[in-house]
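Coordinate analysis (summary)
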Amino acid sequence: MQLPVGRRILPLLGAARQTVFLSVGPEIGLVMSNAFGHLLPNERASDMRKSWKEYKREARQRQRTLDKERERELNTTVYRRSFSDFMREDHRSGFAVHFLILGNDWWAFEEDNGINPLDPDALDEDDRRAAFNSLGKAELVLSVLQDVVETLAQDIAAYKRREIEGRIEELRQLGFAGPDANRALDDLERLKKMRHKLSQRVRNTLPQTRASGE
């Protein structure tokens, strides 16, 4: 039996003032409406046909956005000293030495030439012989950039860990008494969890590029 357009059917469970109905529309088929007859947001038929994989992907994207927002907040509330001051005062060189190895035009592979380091002494002789053409150069660049990522990640983690420990020490000096004691204890627990997370390793998988060997 064909139902008239707009007729409400099958009232679903819900609060008394937010009872949900299924309705039939001229263009979108079954849709969700509330007790006042208005379509509920994001509940058109096209959304209801999303796969579980799509919902999971959108959930992961929302979580990444939330994590970025939290990191931006921490950048001013917990990480107070600038990263540049940390690098300078701790005498960390970053990854400048890596680019002495990469040299000029390390990103270009249109020509079948090898690596051209800014400082030849910074490059191991075996690596120089292996990076004599564009393929060898690409493999050396990949190896160096992996070292760059590892070095920079270590520097960032060390900086954040030191700043977190500074905020923990400040809380301990202030003590955990008075009207703000519960909030201070919550902050302390949150800082400890952040410090613990920085001790973990992150696994990033890459395609295998070595074809030799068993």
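Reference entry: report on the structure contained in this document.

The rules behind the values
- Residues numbered from 1 in each chain as written.
- Predicted model: local features only at pLDDT ≥ 70, side-chain atom pairs only at ≥ 80, totals over all residues.
- Heavy atoms only, no water.
- Axes fitted to C-alpha atoms, helices over the stretch in contact; angles between N-to-C directions.
- Helix = DSSP H or I, 4+ residues; strand = E, 2+ residues; numbered from the N terminus.
- Parallel < 35°, antiparallel > 145°, perpendicular 65-115°, else oblique.
- Left-handed = near helix turned anticlockwise from the far one by under 90°.
- Contact = heavy atoms within 4.5 Å.
- Nonpolar A, V, L, I, M, F, W, Y, C, P; charged D, E, K, R; others polar.
- Salt bridge = Lys/Arg side-chain N within 4 Å of Asp/Glu carboxyl O.
- Buried < 20%, exposed > 50% of the residue type's maximum accessible area, 1.4 Å probe, protein only.
- Phe/Tyr/Trp six-rings, centres within 6.5 Å; stacked < 30°, edge-to-face > 60°.
- Lys NZ or Arg CZ within 6 Å of the ring centre and 35° of its normal.
- Core = buried A, V, L, I, M, F, W, Y, C linked by side-chain atoms within 4.5 Å.
- 1 Å grid on protein atoms, 1.4 Å probe; cavity = no way out; pocket = protein on both sides within 12 Å on 5 of 7 lines; lining within 4 Å.
- Points joined across faces, edges and corners; volume = space filled by probe spheres on them.

1. Concerning the packing of helix H6 (residues 134-174) against helix H7 (residues 181-198)
Contact geometry of H6 with H7 gives a least axis separation of 10 Å together with a crossing angle of 160°. With respect to H7, the axis of H6 lies roughly antiparallel. For the crossing formed where H6 meets H7, the hand is left-handed. When H6 is examined against H7, the residues Ala157, Lys160, Arg161, Ile164, Glu165, Arg167, Ile168, Leu171 and Arg172 are found in contact with a partner set consisting of Ala184, Asp187, Leu188, Leu191, Lys192, Met194, Arg195 and Leu198. Split into classes, the residues belonging to the contact of H6 with H7 amount to nine nonpolar, no polar and eight charged.

2. Observations regarding the pattern of salt bridges
Once the charged atoms of two side chains with opposite charge are near each other, the side chains can pair. Scanning the entire structure with this criterion turns up 13 salt bridges. Taking the shortest distance from any N to any O, the salt bridge between Arg80 and Glu170 comes out at 3.1 Å. Of the two residues, Arg80 sits in the loop between helix H2 (52-77) and helix H3 (83-89) while Glu170 sits in helix H6, which places them 90 residues apart along the sequence. We note a salt bridge from Glu170 to Arg167, for which the minimum N-O separation is 3.1 Å. Of this pair, Glu170 and Arg167 are both found in helix H6, three residues apart, which corresponds to roughly one turn of the helix. A relative accessible area of 12% places Arg167 in the buried class. Sharing partners across several salt bridges, the network here consists of Arg80, Arg81, Glu89, Glu163, Arg167 and Glu170.

3. Observations concerning the side chain of Asp155
When you line up the elements, Asp155 lands in helix H6. Residue class for Asp155 comes out buried when judged on its relative accessible area of 5%. Excluding residues within four positions of it along the chain, Asp155 makes contact with Phe83, Phe86, Met87, Arg92 and Gly94.

4. What about the packing of aromatic side chains?
Overall, the coordinates contain six aromatic pairs when judged by the stated rule. In textbook terms, an aromatic cluster arises when at least three aromatic residues are bridged by ring pairs, as seen for Tyr79, Phe83, Phe86 and Tyr159. Sitting above the plane of the Phe109 ring, Lys137 keeps its charged end 5.2 Å from the centroid.

5. Remarks on the nonpolar core
Counting 14 residues, the largest nonpolar core has Val78, Tyr79, Ile164, Leu191 and Met194 as the members making the most contacts within it. Residue assignment for this core shows that the elements contributing at least two residues are H3, H6 and H7. Among the elements that make up this core, the one with the highest residue count is H6 (five residues). Residues contacting Met194, with those up to four places away along its chain left out, are Leu74, Val78, Tyr79 and Ile164. Within the second largest apolar cluster, 10 residues are counted, among which are Ile101, Trp106, Leu123 and Leu140.

6. Focus: the layout of surface pockets
Looking at the largest pocket, its volume works out to about 1300 Å³. In terms of lining residues, the largest pocket is bounded by 26 residues, among which Ala153, Leu198, Gln200, Arg201 and Val202 are the most central. Among the elements that make up the lining of the largest pocket, the one with the highest residue count is H6 (11 residues). By volume, the second largest pocket is sized at about 340 Å³. Every residue lining the second largest pocket is counted, 18 residues in all, and those nearest its centre are Arg80, Leu171, Asp187, Arg190 and Leu191. Taken together, the elements giving at least two residues each to the lining of the second largest pocket come down to H2, H6 and H7. With six residues, H7 is the largest single contributor of residues to the lining of the second largest pocket.

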